[in-house]
Amino acid sequence: MIARSLDERQRFIAANTRLAAVPYAPEIRLHVADEATELWRKTEDELGEIGLPPPFWAFPWAGGQALARYVLDHPETVRGARVLDFAAGSGLVGIAAAKAGARAVEACDLDPFAGAAMGLNACANHVALTIRIEDLVGRDEGWDVVLAGDVSYERDMARSVTDWLGQLAGRGALVLIGDPGRSYLQQDRLKPVAAYDIPVTRDLEDSDLKRTSVWRFR
């Protein structure tokens, strides 16, 4: 079966993941996979395609966990605000914003499987997300707060996304970036506001803990 519809994607996710508390934000539960490579293979088999993007939606990445923890501990950053969770993956950060009192939360990603996962995860945490599977880079729809986790792992993407986020910050949006110091993070344009030691999956990262910061523009 080729999982083309939302229902089919959600059934695939439910069959190949388990609902578990996020290590550094245990108030939130996500559908997560135990092993990245195996799920990636199953996703490609399911769609009958090779070379698909990795299942980023199936794991709580370090930057997302740090952002979620920060938002939950500092609800004033999002309370009453219209929030965008950019490159949302599992929807972890958007779910945290909703739990912390955001007025409305949009969660965007390019991967339709991420959209399916976000829907399941929002339901599991009893919050509402507006899910958008589209490229929003370069657009400004008036968000009060923009949250972006783990968006600096590829050079060209990191540059274009950081330029866009900088423009949003320049017009007054609160922009927070969660990142464990990946190679293409433009730290010269940012300042850290918090740092955490985040438990991560060894087969995705190079350790069991990642020192991860929440950053905002200078």
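Data block above holds the structure.
Below is a short write-up of the structure.

Helix and strand counts for the protein stand at 6 helices and 9 strands. For the protein, whose C-alpha radius of gyration is 16 Å, the value lies close to the compact-globule estimate of 17 Å for 218 residues. Taken over 218 residues, the protein has a buried fraction of 55%. Roughly 9,700 Å² of accessible area belongs to the protein as shown, and the carbon and sulfur atoms make up 50% of that amount. If you average the places of the 25 positive and of the 32 negative side-chain charges in the protein, the two averages end up 5 Å apart.

Checked against the element boundaries, Ala117 lands in helix 5 (residues 112-124). Here the alpha-carbon distance between Ala117 and Gln10, two residues 107 residues apart in the chain, equals 6.7 Å. When neighbours within four sequence positions are excluded, Ala117 is seen to be in contact with Ile13, Trp57 and Ser90.

Moving on to the sheet that holds strand 6 (residues 145-149). Strand order in the open sheet formed by 7 strands is 5-4-3-6-7-9-8, with mixed pairing between adjacent strands. Both edges of this open sheet fall to strand 5 (130-133) and strand 8 (190-199), since each of them pairs with a single strand only. Averaged over all pairs of adjacent strands, the angle between their axes in this sheet comes to 20 degrees, without regard to strand direction. Where strand 4 (residues 104-109) meets strand 5, 4 bridges bridge the pair, whose relative direction is parallel. Within strand 5, the position partnered with Ala107 by the bridge is Ile131. Along the sheet face, helix 3 (residues 62-73) touches strand 6, strand 7 (174-179), strand 8 and strand 9 (209-217) and points at about 105 degrees away from the line of strand 8. Packed on one face of the sheet, helix 4 (residues 92-99) meets strand 3 (82-86), strand 4 and strand 6 and runs near 160 degrees to strand 3.

Turning next to the nonpolar core. Counting residues in hydrophobic clusters, the biggest one holds 53 residues, and the most contacted among them are Val83 and Leu147. Counting 19 residues, the second largest nonpolar core, distinct from the first, contains Val161, Trp164, Ile177 and Leu190.

Next up on the list: the packing of aromatic side chains. All chains considered together, the criterion is met by 7 aromatic pairs. Centre to centre, the rings of Trp143 and Trp164 are 6.4 Å apart; their planes meet at 90 degrees, and the pair counts as edge-to-face. Remark: Trp164 occurs in helix 6 (residues 155-170) and Trp143 occurs in the loop between strand 5 and strand 6; sequence separation between them is 21 residues. Feature note: the residues Phe12, Trp57 and Phe113 constitute an aromatic cluster, connected by ring pairs.

Attention now moves to the packing of helix 1 (residues 6-16) against helix 5. Packed helices, taken two at a time, are described by their axes: the angle between them and the distance between them. Contact pair helix 1 / helix 5: the axes reach a minimum separation of 9 Å and the direction vectors enclose 70 degrees. Between helix 1 and helix 5, the angle is such that the two are roughly perpendicular. Listed contacts from helix 5 to Leu6, Arg9, Gln10, Phe12, Ile13 and Ala14 of helix 1 are Pro112, Phe113, Ala116, Ala117, Gly119 and Leu120. Classifying every residue of the contact of helix 1 with helix 5 gives 9 nonpolar, 2 polar and 1 charged.

Cut-off values and rules
- Residues numbered from 1 in each chain as written.
- Predicted model: local features only at pLDDT ≥ 70, side-chain atom pairs only at ≥ 80, totals over all residues.
- Heavy atoms only, no water.
- Helix = DSSP H or I, 4+ residues; strand = E, 2+ residues; numbered from the N terminus.
- Rg over C-alpha atoms; globule rule 2.2 N^0.38 Å.
- Buried < 20%, exposed > 50% of the residue type's maximum accessible area, 1.4 Å probe, protein only.
- Areas by Shrake-Rupley, 256 points an atom, 1.4 Å probe, with all protein chains shown as cover.
- Lys, Arg positive; Asp, Glu negative; His and termini not counted.
- Charge placed at Lys NZ, Arg CZ, Asp CG, Glu CD.
- Contact = heavy atoms within 4.5 Å.
- Pairing = 2+ DSSP bridges.
- Axes fitted to C-alpha atoms, helices over the stretch in contact; angles between N-to-C directions.
- Core = buried A, V, L, I, M, F, W, Y, C linked by side-chain atoms within 4.5 Å.
- Phe/Tyr/Trp six-rings, centres within 6.5 Å; stacked < 30°, edge-to-face > 60°.
- Parallel < 35°, antiparallel > 145°, perpendicular 65-115°, else oblique.
- Nonpolar A, V, L, I, M, F, W, Y, C, P; charged D, E, K, R; others polar.

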